[in-house]
Amino acid sequence: MRRVLTAALALAVAVVAAGCTSDSGSDASSEPWNEPDAVWMQPAGTPLVKGVAVPEGARLVGPIFTTFDTVKAEKNEFVVGRQQGYLLVDGEPYSVATDFLDQWDGANGLGEYPKDTLCRQQVDEGVEGKTHNYNYKGEAADGAVEISCSVGLITSQRLVGEETFARVIGMSFTQDLTDPDAPVQGTVGWESPPVAIPETLPEAPEGVDGPSSVASDVDYLPDLEIVDGSFLAGPPWPGSITGGYVAVIGVTGDPDEVFDAYVAQDEDEPELTVDETIGGMRIREYRSSEAGGITFTVTLNEIDGNAWILVNAYND
């Protein structure tokens, strides 16, 4: 189980992501995140951390989620372990990646850290089962089937003035060139300590008509049903390279009832249940795992009645 959790943390901290599509029930064509009244889709320029903002050509889906340090929570010590957000890339992916990196130089000393942009493309050379990686400089080569970018690298914690910066901050996304309708998605995240708890969360408006479910790509993991009093705020992300999903959920009903309804879809015994308040933010977390390799987590962030839920199903 610990190996699964380590993999999940690495995914969030190293910010590995991939584009995906999902069969989301009878209303699968509904994409509320692209509607003009999608007030929860935070635009370029929205502050993220330490002077770094959502890059041009991207949008942040809902909030930056705050989660507990898992190991310490198991010992009834409740501190922030990581923060992570989910991006839709509307612009040219390479430009989004370089914009994110360019912000570091002016971000309160972040330029003193090692940093890197790595964009690669997988090119199918016509040999079944074989692909090769090439550097990506903003244009896809003929035959390219996938483009991925990882931006940012901080390998250690360091004091700059009176500030202690996160050990890891970065962004990553993958674009599937074989499916022109697949959204380009990515994650942005950083690791504690310390972090700033947000003072507010974006509004999750009522009346959003979105997909009714998130399809599972793992035989023993059931589809996730979107429950009453909530909506799917962005296209589902893959949970890991071997399956699962990540869903950002806007909460319009009673936060506890909605949280419990998502937890009730899990048939396993809980390994961790937490309900604590840190810095004005209430955080509820639920986690279970099963022998087949799935770690299932539900996280609620709530401030002044505004609430969001992150559902993760990572396949080992």
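This text follows the structure it describes.
First, a word on what this report is: a plain description of the structure on this page. (Residues numbered from 1 in each chain as written. Predicted model: local features only at pLDDT ≥ 70, side-chain atom pairs only at ≥ 80, totals over all residues. Heavy atoms only, no water.)

Further remarks concern the overall build of the protein. Looking only at helices and strands, one finds 4 helices and 22 strands in the protein. In the protein, the share of contacts with a sequence separation of at least 24, taken over all contacts with a separation of at least 6, comes to 61%. Approximately 14,400 Å² of the protein is accessible, and the part contributed by carbon and sulfur atoms is 46%. (Helix = DSSP H or I, 4+ residues; strand = E, 2+ residues; numbered from the N terminus. Contact = heavy atoms within 4.5 Å. Areas by Shrake-Rupley, 256 points an atom, 1.4 Å probe, with all protein chains shown as cover.)

Right, let's get into the pattern of salt bridges. If charged atoms from side chains of opposite charge come close, those side chains can pair. Enumeration over the complete set of coordinates arrives at 8 salt bridges. A salt bridge links D256 to R284, with the nearest nitrogen and oxygen atoms 2.8 Å apart. Of this pair, D256 sits in helix α4 (residues 255–263) while R284 sits in strand β20 (residues 281–289), and the two are 28 residues apart along the sequence. Judged by relative accessible area, R284 falls into the buried class, the value being 15%. (Salt bridge = Lys/Arg side-chain N within 4 Å of Asp/Glu carboxyl O. Buried < 20%, exposed > 50% of the residue type's maximum accessible area, 1.4 Å probe, protein only.)

Glancing now at the packing of aromatic side chains. Any pair of aromatic rings gets described here by the distance separating the centres and the angle formed by the planes. Counting across every chain of the model gives 5 aromatic pairs. Look at W40 and F231: their rings are 4.9 Å apart centre to centre, the planes differ by 55 degrees, and that puts the pair in the tilted class. Placement of the pair is W40 in the loop between α1 (2–14) and β1 (41–42) and F231 in strand β16 (residues 230–232), with a sequence separation of 191 residues. Seen in terms of ring centroids, Y286 and F296 are 6.5 Å apart; in terms of plane orientation they differ by 75 degrees. Their pairing is edge-to-face. Note that Y286 is positioned in strand β20 and F296 in strand β21 (residues 294–303), a separation of 10 residues in sequence. Members of the aromatic cluster, each reached through a chain of ring pairs, are W40, F231 and W308. (Phe/Tyr/Trp six-rings, centres within 6.5 Å; stacked < 30°, edge-to-face > 60°.)

Counted according to the given criterion, the structure contains 1 disulfide. Residue C119 pairs covalently with C149 via a disulfide, S to S 1.9 Å. On the S-S bond that ties C119 to C149, the torsion sits near 115 degrees, and the link is right-handed. In this pair, C119 is assigned in strand β7 (residues 117–124) and C149 in strand β9 (residues 144–151), connecting sequence segments 30 residues apart. The same class applies to C119 as to C149, namely buried. (Disulfide = S-S within 2.5 Å.)

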